[in-house]
Amino acid sequence: QVQLVESGGGLVQAGDSLRLSCAASRLTFSNYVVGWFRQAPGKEREFVAAIRWSGGLTYYPDSVKGRFTCSRDNAKNTVYLQMNSLKPEDTAVYYCAAGRRWPATRRHEYEYWGQGTQVTVNS
């Protein structure tokens, strides 16, 4: 069974930084696209970032561009989401997902999902 596990969430103040991790079991990211989504209470799940393992190509929506950076570690089979200058509106559960399409910005374009990690940003 493929398993994705997010970690690194927590409670921070506005302007702080966090780095989220997404580790995979029984799946090697090398041939996949890895995406990040977030979902705040009462809102739909929102695309945050995507990385194509081959070549390290990344894609971000305007809402996070310039503040969030997605990267990979081949040896650890892990994808990271570095979040800087966090704002209260970034508060959400953050999910990582793996798929085979590029660019993939929609929920249904991903095959595997983690269970999420909570990020809370106080004003």
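This is a predicted model, so every value here is computed, not measured.

Caption draft 1: Representation of the state of the cysteines within the structure. Scanning the entire structure with this criterion turns up one disulfide. A disulfide bridge connects cysteine 22 with cysteine 96, and the sulfur atoms are separated by 2.1 Å. Its S-S torsion of about 65 degrees marks the bond between cysteine 22 and cysteine 96 as right-handed, since a negative value means left-handed. Placement of the pair is cysteine 22 in strand β3 (residues 18-25) and cysteine 96 in strand β9 (residues 92-99), with a sequence separation of 74 residues. In this structure, cysteine 22 and cysteine 96 share a single accessibility class: buried. Here cysteine 70 is not disulfide-linked; the sulfur of cysteine 22 is the nearest cysteine sulfur, at 8.9 Å. Looking at cysteine 70, the relative accessible area reads 5%, which means it is buried.

Caption draft 2: Region of the structure containing the packing of aromatic side chains. Applying the stated criterion across every chain, the model contains seven aromatic pairs. When the centroid spacing of 6.0 Å and the interplanar angle of 35 degrees are considered together, the rings of phenylalanine 47 and tyrosine 59 count as tilted. Here tyrosine 59 lies in strand β6 (residues 57-59) and phenylalanine 47 lies in strand β5 (residues 46-52), a separation of 12 residues in the sequence. When its relative accessible area of 10% is taken as the criterion, phenylalanine 47 is described as buried. One aromatic cluster in this structure is built from Phe37, Phe47, Tyr59, Tyr110 and Trp113. Here the guanidinium or amino end of arginine 19 rests over the ring plane of tyrosine 80, the centre of that ring lying 4.2 Å away. When the ring centre of tyrosine 95 is taken as origin, the NZ or CZ atom of arginine 45, which lies over that ring, is 3.9 Å away.

Caption draft 3: Region of the structure containing the pattern of salt bridges. This structure, assessed with the given rule, holds five salt bridges. Residues arginine 38 and aspartate 90 are paired through a salt bridge, measuring 2.8 Å at the closest nitrogen-oxygen approach. Here the residue arginine 38 occupies a position in strand β4 (residues 33-39), and aspartate 90 occupies one in the loop between β8 (78-83) and β9, the gap between them amounting to 52 residues. Taken individually, arginine 38 and aspartate 90 each receive the classification buried, so the pair is uniform in this respect. A network of salt bridges, in which partner residues are shared, links Arg38, Glu46, Arg67 and Asp90.

Caption draft 4: Highlighting the side chain of serine 21. By secondary structure assignment, the location of serine 21 is in strand β3. On the accessibility criterion, serine 21 (16% relative accessible area) is buried. Beyond its immediate sequence surroundings of up to four residues, serine 21 is in contact with Val5, Glu6, Ser7, Trp36, Thr78, Val79 and Tyr80.

Caption draft 5: Quick look at the side chain of asparagine 77. Following the sequence through the fold, asparagine 77 ends up in the loop between β7 (68-73) and β8. Here asparagine 77 falls in the buried class, since its relative accessible area comes to 15%. With near-sequence residues (within four places) excluded, asparagine 77 lies in contact with Cys22, Ala23, Ala24, Leu27, Thr28, Phe29 and Trp53.

Reading the values: the criteria
Residues numbered from 1 in each chain as written. Predicted model: local features only at pLDDT ≥ 70, side-chain atom pairs only at ≥ 80, totals over all residues. Heavy atoms only, no water. Disulfide = S-S within 2.5 Å. Helix = DSSP H or I, 4+ residues; strand = E, 2+ residues; numbered from the N terminus. Buried < 20%, exposed > 50% of the residue type's maximum accessible area, 1.4 Å probe, protein only. Phe/Tyr/Trp six-rings, centres within 6.5 Å; stacked < 30°, edge-to-face > 60°. Lys NZ or Arg CZ within 6 Å of the ring centre and 35° of its normal. Salt bridge = Lys/Arg side-chain N within 4 Å of Asp/Glu carboxyl O. Contact = heavy atoms within 4.5 Å.

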